[in-house]
Amino acid sequence: MDTIINGLGAGFAVAFDPFNLMLVLVGCFAGTLIGALPGLGPINGVAILLPIAYGLGLPAESAIILLAGIYYGAEYGGRISSILLNVPGDAGAVFTTLDGNPMAKKGEAGRALSLSALASFFGGTFAVILMSLFGPLLASYAVTFSPSDYVALMVFAFASLASLVGSNAVKTLLAALLGLMLASIGIDANTGVARYTFGIPDILAGIDFLVVVIGLFGMAELIHLVEQQVSGKMKALKIDKSFVSWADMVNVKWAIVRSSFIGFFIGILPGTGASVASAVAYGTEKRISDNNGTFGKGDPRGLAAPEAANNAAAGGAMVPMLTLGIPGSGTTAILLGAFLLFNITPGPAMFTQHPEVAWGLIASMYIGNVALLIINLPLVGIFARMLTIPQKYLTPLIAVLAFIGVYSVVSNPHDLYMIIGLGVMGWLLRKLDFPLAPVILGFVLGGLFEDNLRRALSISAGDWSILVNSPDSIVLYGLAIIVALVPVFLRKKRAKV
Amino acid sequence: MIDRIFAGAVLLVALAYVVLAFTVIGAPFQYDPLGPESWPRIIGSLAVLCCAALIIRPEIEDFSASKQTLLRLAILVGMLCAYAFLFKPLGFIISTTMFSFALSKFLGARVKPAGLFAVSAGVGGYVLCKMILDLNLPSGILKQFL
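Basis of the calculations
- Residue numbers run consecutively from 1 along every chain, following the written order of its sequence.
- The lettering of chains begins at A and the numbering of ligands begins at 1, in the order of writing.
- The model is predicted, so local features are restricted to residues of pLDDT at least 70 and side-chain atom pairs to those at 80 or more, both for listing and for counting; the totals for chains, interfaces and linings are taken over all residues.
- Hydrogens are left out, water is left out, and the side-chain values use all remaining heavy atoms of the structure.
- Secondary structure counts use DSSP, requiring at least four H or I residues in a row for a helix and at least two E residues in a row for a strand, with both numbered from the N terminus.
- In this description the radius of gyration comes from C-alpha coordinates, and the expected globular size is given by 2.2 Å times residues to the power 0.38.
- The buried label applies to any residue whose accessible area, calculated with a 1.4 Å probe on protein chains only, is under 20% of its type's maximum; exposed applies above 50%, and partly exposed to all values in between.
- Contacts are assigned to residue pairs that have any heavy atoms within 4.5 Å of one another.
- Note that accessible areas follow from Shrake-Rupley with a 1.4 Å probe, and for residues the cover is restricted to the protein chains shown.
- Neither His nor the chain ends is counted toward charge; the positive residues are Lys and Arg and the negative residues Asp and Glu.
- By convention, the charge on Lys lies at NZ, on Arg at CZ, on Asp at CG and on Glu at CD.
- Only buried residues count toward a nonpolar core, which is a set of Ala, Val, Leu, Ile, Met, Phe, Trp, Tyr and Cys residues joined through side-chain atoms within 4.5 Å.
- Note: domain ranges come from an automatic or database domain assignment.
- Two parts placed together each lose some accessible area under a 1.4 Å probe, and the buried area is that loss summed for both.
- The term salt bridge refers to a side-chain nitrogen of Lys or Arg lying within 4 Å of a carboxyl oxygen of Asp or Glu.
- Counting of polar contacts relies on pairs of N or O atoms within 3.5 Å, with two restrictions inside protein: one atom must be capable of donating a hydrogen and the other of accepting it, and residues adjacent in sequence are counted only when both atoms are side-chain atoms.
- Here the nonpolar group is Ala, Val, Leu, Ile, Met, Phe, Trp, Tyr, Cys and Pro; Asp, Glu, Lys and Arg are the charged ones; every other residue, Gly included, is treated as polar.
- The criterion for an aromatic pair is that two Phe, Tyr or Trp rings (for Trp, the six-membered ring) have centres within 6.5 Å, with stacked assigned to planes under 30 degrees apart, edge-to-face to planes over 60 apart and tilted to the rest.
- Either the NZ atom of lysine or the CZ atom of arginine qualifies as a charge over a ring when it sits within 6 Å of the ring centre and within 35 degrees of the ring normal.
- Convention adopted: a line fitted to C-alpha atoms gives each axis, helices being fitted over their contacting stretch, and angles between N-to-C directions are expressed from 0 to 180 degrees.
- Oblique is the label for every angle not falling under 35 degrees (roughly parallel), over 145 degrees (roughly antiparallel), or within 65 to 115 degrees (roughly perpendicular).
- For any pair of crossing helices, the crossing counts as left-handed if the nearer helix is rotated counterclockwise from the farther one by less than a right angle, and right-handed if it is rotated clockwise.
- In a helix, the anticipated span is given by 1.5 Å times the number of residues less one.

1. As for the overall build of chain B
Of the regular secondary structure elements, chain B holds five helices and zero strands. Order of helices (α) and strands (β) in chain B, N terminus to C terminus: α-α-α-α-α. The globule rule puts the C-alpha radius of gyration for 146 residues at 15 Å, and the 24 Å found for chain B is more than 25% above it. The principal-axis extent of the C-alpha atoms belonging to chain B is close to 60 × 45 × 20 Å. Counting the 146 residues in chain B, one finds 41% classified as buried. Sequence-distant contacts in chain B: of pairs separated by 6 or more residues, those separated by 24 or more amount to 58%. Of the roughly 7900 Å² that chain B leaves accessible, carbon and sulfur atoms contribute 71%. The distance from the centre of the 11 positive side-chain charges to the centre of the 7 negative ones in chain B is 20 Å.

Listed below in structure tokens is the structure:
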């Protein structure tokens, strides 16, 4: 407990530094803007702005605080386009449209927006509190992990990825493998042997993380936007004077508490972020509370549940990233890459080696959640105006931002072609129902996975049985098998009913 | 069908990846039991298996994009490549203005607003990113004036 209080104290000292405080606000504001733009979600926002944040030459903790603010700010902002436009910014906001948009159509847009802002605030804050309680605990436990335990942890991560993300486990697995294969390009750090570089000097050091992220999540999104472009204007519903009442909050309180729990714990599972969390939370709430069939027709509980869940999941997904070095979602995989750019390896040692970063980030999230609530209640009208930005101007802007980002950091014109190529590949993968988050997870985790496997086998002098030698790893393999089998059982059960 | 074609293409890449892992990659000395070649062999082989599974049991039957959409996307990619080609030699301001004008016009903007938008993206972007935020952007042919 002492370490938590001391850590939080030190964290708030970092987060209340005037410059960092400004970055929290800038991040939250920019994040909400991006989330509110139809078609753009947290993952695209963080991807497009990551190289710019890196290029600014900020200290590590400040850059991470800014990027994290963009991340959960965008989870907040996603509800605005869901409610007013019926267009979710990303998969995590789909369930917000189900009851949020009908409420707005009934002339209760103001009520829907303020209620969902409060639900988001509770979900987000709940997650940060659990994170400050359990994060250090998990980290101090994971310090004892040996390389073979890490291999088991990775197997568990990829098993839950394959089983919970996407519609087709083979496609999810192949997507993750493509990421792992991309990560293996370049000089092998252990032996100095060049792999898959074909004598091209530009890729000896490996394919740049920023290039992969911008390509897969910035450029691919751009191509997708142009493909989907609808002729004619989308019509955003007007915000009226209605506002959330005390009775509303009493009505939704259990929905918020339940959904925050669900969101946080689903967020912790590797690879499953806000999209799975909000789906499960909505489904659960519907089963528990929907006695009159009001869900889907503008029931406040159906709006509060997914909003609390996706913000709690955003916090939950940070926990394994900070404490184990294994990201809990696609966006946290990008944040993990951001840590690596600053030569900080997230993992159990981070809380002791870089406490200012770990605790500064956590403290900034407390502040950020409050700031988001404040800017989202009175200023929601400004963000709502973003909805009317025509695609014809938004689309070129995304391309320009992507180019600025890549060029300002890498300064190599060839990488501009690289992001276009990766963008086309990402668009194609998406078109064929391959989830993109596993690609980036594989890319980020590839080096770590291989290193730990090789270190484990070096320790055992090539004896593979070391992989199942400790109780920790056996438990993790067991969990991996359970996670992999759960969907199979559920499918059988559903087939019977 | 499209799933099969795509999985087939990825299969070829994965096969080439595995073959290289089994033939070309290797360390002159054995530093560790696995060496640089084992990991690519493992993940490459798994990828080959996944592709094979997709070819045997494909999921998506047809590609839901009209010829017209594909043409639009091809033009978009062409514009992006032109932007990438001109980015450094012409400099940020001119290349961005040209690209923003062309793309917003292509997406249906009228000449005047598109021009206004393009100039503000080029000049405003340069002032904000290079002069205020001190990011590295090419000055190009306008170098002596900036």
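2. A few points about the nonpolar core
Judged by nonpolar contacts, the single largest core of 200 residues is most densely connected at A:Ile80, A:Met318, A:Leu322, A:Ile334, A:Phe339, A:Phe403 and B:Leu80. When we break this core down by domain, the ones giving at least three residues each are domain 1 (2–56) and domain 2 (67–145) of chain B. If near-sequence neighbours (up to four positions away) are discounted, A:Phe339 is found in contact with A:Ile64, A:Met321, A:Leu322, A:Ile344, A:Pro346, A:Met350, A:Val357 and A:Leu361. One finds A:Ile266, A:Ala274, A:Ala277 and A:Ala309 within the second-largest nonpolar core, a separate group that totals seven residues.

3. Digging into the interface of chain B and chain A
A common way to report how large an interface is uses the accessible area buried once the components associate. Contacts between the two partners involve 64 residues from chain B and, on the opposite side, 62 residues from chain A. When residues of chain B are sorted by the area they lose upon contact with chain A, B:Phe6, B:Trp39 and B:Leu107 head the list and together hold 13% of the total. At the surface where chain B touches chain A, the tally comes to two salt bridges. Here A:Arg454 and B:Asp32 are joined by a salt bridge, their closest N and O atoms 2.8 Å apart. Linking chain B to chain A there are eight residue pairs in polar contact (both at pLDDT 80 or more). Examining the composition of the side of chain B that touches chain A, we find that 13 residues originate from one element, helix H3 (residues 67–90) of chain B, more than from any other. Counted by class, the side of chain B that touches chain A contains 50 nonpolar, nine polar and five charged residues.

4. Concerning the packing of aromatic side chains
Per the stated rule, a full pass over the model turns up 26 aromatic pairs over all chains. Aromatic side chains A:Phe449 and B:Trp39 sit 4.9 Å apart centroid to centroid with 55° between the ring planes, which places their arrangement in the tilted category. Here B:Trp39 lies in helix H2 (residues 35–56) and A:Phe449 lies in helix H18 (residues 437–459), a pairing that spans two chains. Each member of the pair A:Phe449 and B:Trp39 is classed as buried. Among the aromatic residues, those joined into a cluster by ring pairs are A:Phe403, A:Tyr407, B:Tyr83, B:Phe87, B:Phe92, B:Phe99 and B:Tyr126. Above the face of the A:Phe434 ring, A:Lys171 is positioned so that its terminal group lies 5.3 Å from the ring centre.

5. Here's the deal with the pattern of salt bridges
Summed over all chains, the structure comprises eleven salt bridges over all chains. The partner of A:Arg454 in a salt bridge is A:Asp188, with the nearest N and O atoms 3.1 Å apart. In this pair, A:Arg454 is assigned in helix H18 and A:Asp188 in the loop between strand E1 (186–187) and strand E2 (194–195), connecting sequence segments 266 residues apart. With relative accessibility at 3%, the residue A:Arg454 sits in the buried group. For A:Asp188, a relative accessible area of 4% puts it in the buried group. A salt bridge links A:Glu227 to A:Lys431; its shortest N-O distance comes to 2.5 Å. With A:Glu227 in helix H8 (residues 209–228) and A:Lys431 in helix H17 (residues 413–431), the pair connects residues that are 204 residues apart, well separated along the chain. What you see here is one network of salt bridges that share partners, running through A:Asp188, A:Arg195, A:Glu450, A:Arg454 and B:Asp32.

6. Some remarks on the domain arrangement of chain B
The assigned domain composition of chain B is domain 1 (2–56) and domain 2 (67–145). A C-alpha centroid distance of 40 Å is found between domain 1 of chain B and domain 2 of chain B.

7. Focus on the packing of helix H6 (residues 147–164) of chain A against helix H7 (residues 169–183) of chain A
All names here are of chain A. The N-to-C vectors of H6 and H7 enclose an angle of 135°; their axes lie 7 Å apart at closest approach. The pairing of H6 with H7 is recorded here as oblique in orientation. As for the relative orientation of H6 and H7, their crossing is right-handed in sense. Where H6 abuts H7, its residues Phe158, Leu161 and Ala162 lie against Ala169, Thr172, Leu173, Ala176 and Leu180.

8. Regarding H8(A)
Between its first and last C-alpha atoms H8(A) spans 28 Å; for 20 residues at 1.5 Å apiece the expected length is 28 Å, and the two agree. Most of H8(A) is tucked away, with 19 of its 20 residues classed as buried.

9. Some words on the side chain of A:Ser278
Residues and elements named next belong to chain A. Its location among the elements puts Ser278 in helix H10 (residues 274–289). Here the side chain of Ser278 touches Ser275 through a polar contact of 3.3 Å, landing on its backbone oxygen. Non-local contacts of Ser278, meaning those with residues more than four positions away in its chain, are made with Gly92, Phe95, Pro306, Ala309 and Asn310.

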